[in-house]
Amino acid sequence: MAEIELFGTASCPYTEEARESLEWKRVDFVEYDVERDAEARRRFERLVEAPRMVPVLVKDGRVIQVGWQGRGCVVGA
């Protein structure tokens, strides 16, 4: 399993930027769309307090970053 997890949405441009940065750096990661994947949404809701924002980067089960370069998309607002 990848060490890094990316929680985001297809509609959030900052999720796309985070993904592209990880790919550029050749970081092995798994991506979850919290709008399309119910289990990912539940995990995301346990990890991040309201207001919930994507993208979220998780390493070894711990949140290491919420948002991307100071920006993000609120989910479930």
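Scroll up for the structure.
What you are looking at is a predicted structure, and each value in this text was computed from that prediction instead of being measured. Counting of residues starts from 1 at the beginning of each chain's written sequence and follows it residue by residue. Only residues with pLDDT of at least 70 get local features here, since the model is predicted, and only at 80 or more are side-chain atom pairs given and counted; chain-wide, interface and lining totals rely on the full set of residues. Calculation of side-chain values draws on the structure's entire complement of heavy atoms; hydrogens and water are dropped beforehand.

Enquirer: What should I look at first to understand the state of the cysteines in this one?
Expert: Disulfide: a covalent bond connecting the sulfur atoms of a pair of cysteines. Count a disulfide wherever a pair of cysteine sulfur atoms falls within 2.5 Å. Throughout the structure, instances matching the rule amount to one disulfide. Disulfide pairing places Cys12 opposite Cys73 at an S-S distance of 2.4 Å. With the S-S bond torsion at 85 degrees, the cross-link from Cys12 to Cys73 turns out right-handed. Of this pair, Cys12 sits in the loop between β1 (4–8) and α1 (13–24) while Cys73 is found in strand β6 (residues 73–74), placing the two residues 61 residues apart along the sequence. Think of it in three bands: residues with accessible area under 20% of the maximum for their type are buried, residues over 50% are exposed, and the middle band is partly exposed, with areas taken using a 1.4 Å probe on protein chains only. Residue Cys12 is classed as buried on the basis of its relative accessible area of 2%. By definition, any uninterrupted DSSP run of H or I lasting at least four residues is a helix, any uninterrupted run of E lasting at least two residues is a strand, and each is numbered from the N terminus.

Enquirer: Mind showing me how you'd approach the packing of aromatic side chains here?
Expert: For any two aromatic rings, the description comes down to two numbers: the centre-to-centre distance and the angle of the planes. Only the six-membered ring of Trp is used, alongside the rings of Phe and Tyr, when aromatic pairs are assigned; centres must lie within 6.5 Å, and planes under 30 degrees apart are stacked while those over 60 apart are edge-to-face, with the rest tilted. Applying the stated criterion across every chain yields a total of one aromatic pair. Above the ring of Tyr32, the side-chain terminus of Arg43 is found at 5.7 Å from the ring centroid. Criterion for a charge above a ring: Lys NZ or Arg CZ within 6 Å of the ring centre, and within 35 degrees of the ring normal.

Enquirer: Hey, could you run me through unusual backbone geometry in this one?
Expert: Trans is the prevailing form of peptide bonds, just as negative phi is the prevailing case for residues other than glycine. Following Ala50, the chain continues into Pro51 via a peptide bond in cis, with omega recorded as -5 degrees. As for its placement among the helices and strands, Pro51 is situated in the loop between α2 (38–47) and β3 (53–54). In this structure, Pro55 follows Val54 across a cis peptide bond, with omega equal to 5 degrees. With respect to the element layout, Pro55 can be found in the loop between β3 and β4 (56–59). Notably, Arg26 is not glycine yet its phi reads approximately 60 degrees, a positive angle. Inspection of the secondary structure puts Arg26 in the loop between α1 and β2 (29–33). On the accessibility criterion, Arg26 (78% relative accessible area) is exposed.

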